Amino acid sequence: KIREYLNNESAISNIEKPANREITGFVEFNNVSFGYDNEEVLKNVSLKAKPGETVAIIGPTGSGKSTLVNLICRFYDCSEGEVLVDNVNVKEMDLRTLRSKVSVAMQDVFLFSDTIEGNIAYGVPDAPYESIKRAAGIADADEFISSLPEGYDTIIGERGVGLSGGQRQRIALARAILKDPSILILDDTTSSVDMETEFEIHKTLRSFYNNKTTFIIAHRISSVKNADKIIVLNDGQVVEQGTHQELLNLKSYYYKVYQSQYGD
Ligand code: ADP
């Protein structure tokens, strides 16, 4: 079906081009609390991200990192406080509008038993890979893909079954960014690759996405130290925040402990 679309110019021209868009990508949490059952997982979290900023979220397993980003795209609704995207409370926003602004690439990648091309195209329903590239204005999607290590480009036409964790993560990444979101969430998207590969992926992402608001959940200090803001979570609370250098200069107990555990 995708192949059919690839040769169908009208399918391509039907997709609206995002030219002259307003500036979007503001995210704000005001005193947000949330619990899955009775137990509170996030407690009174407040934070702000401006368009184009990279915000890293770190903290021990179970501290609430994934839960926090899931509230941005409304996989869950907060029980107290408010989450704003572009100054609008996400609970009052049409889900379609919200999800067109926010793209999530997750650690546990769900792939369909389709081709890789199809899996990537899933981000925009009924739109083939080629038209997504054009609609999203990403003329350099091929360049992006080929710049990903381990020959991502060579697996593009193969089926999604039997791929390694790292390959699956890269597909999730491509799927998320080809939607051309103003807010990109990378939830442990590079945990299955080695440090060098992770560095390459983040470098590539930065060159393509320096105008996107990006939330990164990662475990290695090396992949978060260039972030505009690092938010340290502990037991559902923001215990420290600042740049890498600020956190090192401050009496940042948690960040320093984290750094000694995970190293550069
Ligand atoms: P992190 O990303 O920092 O590892 P999570 O946000 O995944 O933390 O989890 C925070 C807490 O919420 C943990 O105690 C976890 O067990 C719990 N939790 C996460 N997802 C669910 C869920 N879907 N249902 C119930 N509890 C959950």
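Because the structure is a prediction, the values reported are computed rather than measured.

Novice: Help me understand the site of the ligand, please; the structure alone is not making it clear to me.
Specialist: In the neighbourhood of the ligand, the contacting residues comprise Tyr36, Val41, Gly59, Thr61, Gly62, Ser63, Gly64, Lys65, Ser66 and Thr67. With three residues, the single largest contributor to the shell around the ligand is helix α3 (residues 65-72).

Novice: What's the story with the sheet that holds strand β1 (residues 27-35) in this structure? I'm lost.
Specialist: Taken together, four strands build an open sheet; the order of strands is β2-β1-β4-β5 and the sheet is antiparallel. The two strands at the open ends of the sheet, each matched to only one other strand, are β2 (40-49) and β5 (88-89). Relative to strand β4 (residues 80-85), β1 runs antiparallel, the two sharing five bridges. Bridge pairing in β4 links Glu28 to Leu84.

Novice: What am I meant to see in the environment of Lys43 here?
Specialist: Structurally, Lys43 can be placed in strand β2. Judged by the 17 C-beta atoms lying within 10 Å of it, Lys43 falls in the partly exposed class. Sequence separation of Lys43 and Gln237 is 194 residues, and the distance between their C-alpha atoms is 5.4 Å.

Novice: Looking at this structure, how should I read the environment of Phe34?
Specialist: Inspection of the secondary structure puts Phe34 in strand β1. The exposure class of Phe34 is buried, given the 22 C-beta atoms found within 10 Å. Separated by 202 residues in sequence, Phe34 and Gly236 have C-alpha atoms that sit 9.0 Å apart. Not counting the four nearest positions on each side in its chain, Phe34 is found in contact with Val41, Leu42, Thr67, Leu71, Tyr76, Cys78 and Ser79.

Novice: Is there a simple way to think about the environment of Ile230 in this case?
Specialist: Its place among the elements puts Ile230 in strand β9 (residues 229-234). Ile230 gets classed as buried once you count the C-beta atoms within 10 Å, which come to 25. For the pair Ile230 and Glu240, spaced 10 residues apart in the sequence, the C-alpha separation amounts to 8.1 Å. Not counting residues within four places of it along the chain, the set of residues in contact with Ile230 comprises Ala56, Ile58, Val224, Gln241, Gly242, Thr243, His244 and Leu247.

Novice: Looking at this structure, I do not really get unusual backbone geometry. What am I missing?
Specialist: Among all residues except glycine, the phi angle is most often negative; among peptide bonds, the trans geometry is most common. Non-glycine residue Asn31 carries a positive phi angle of around 45°. If you trace the backbone, Asn31 turns up in strand β1. Given 12 C-beta atoms within a 10 Å radius, Asn31 is considered exposed.

Novice: I would appreciate a short explanation of the pairing of strand β3 (residues 54-58) in the present structure.
Specialist: On any regular strand, side chains alternate: one points to one face of the sheet, the next to the other face. Along β3, five of the five residues are buried, which leaves the element largely enclosed by surrounding structure. Taking every second residue as pointing to the same face, both faces of β3 are buried, with Thr54, Ala56 and Ile58 on one and Val55 and Ile57 on the other. Taken together, the four bridges between β3 and strand β8 (residues 213-217) define a ladder with parallel strand orientation. Looking across to β8, one finds that Ile57 is bridged to Ile217. Where β3 meets β9, four bridges bridge the pair, whose relative direction is parallel. By the bridge assignment for β9, Ile57 is matched with Ile231.

Novice: Looking at this structure, how should I read α3?
Specialist: Since one α-helical turn is 3.6 residues long, residues separated by three or four positions face the same way. Across the eight residues that make up α3, a large majority, seven, are buried. Turning to α3, its buried residues are Lys65, Ser66, Thr67, Leu68, Val69, Leu71 and Ile72. Just past α3, the residue Arg74 takes up positive phi, approximately 60°.

Novice: Help me understand the confidence of the model for the protein, please; the structure alone is not making it clear to me.
Specialist: Where the model shows low pLDDT, its predicted coordinates should not be examined in detail. A residue-level look at the protein finds 58% of positions with pLDDT of 70 or above and a mean pLDDT of 73. Considering only residues more than four positions removed or in separate chains, one finds that residues 1-20, a stretch of pLDDT under 50, has 23 contacts. Considering only residues more than four positions removed or in separate chains, one finds that residues 147-161, a stretch of pLDDT under 50, has 29 contacts. At the level of chain-chain contacts, confidence expressed as ipTM amounts to 0.98, with global pTM at 0.76.

The rules behind each value
- The residue numbers shown here count from 1 along each chain, following its written sequence.
- A pLDDT threshold of at least 70 governs which residues receive local features in this predicted model, and a stricter bar of 80 or more applies before side-chain atom pairs are shown or counted, although totals over entire chains, interfaces and linings include all residues.
- Contact assignment follows one rule, namely that a residue is near a molecule or strand if its backbone-placed C-beta atom lies within 6 Å of it.
- Secondary structure elements are defined from DSSP: runs of H or I of at least 4 residues count as helices, runs of E of at least 2 residues count as strands, and each element is numbered from the N terminus.
- DSSP-based pairing: two strands are paired if at least 2 bridges between them are found.
- Three exposure classes are used. Buried residues have 20 or more other C-beta atoms within 10 Å of their own C-beta, exposed residues have 12 or fewer, and partly exposed residues fall in between, all C-beta atoms being placed from the backbone.
- Each residue is represented by a C-beta atom placed from its backbone, and any two residues with such atoms within 7 Å are regarded as in contact.
- Confidence per residue, as judged by the predictor, is encoded in pLDDT with a range of 0 to 100.

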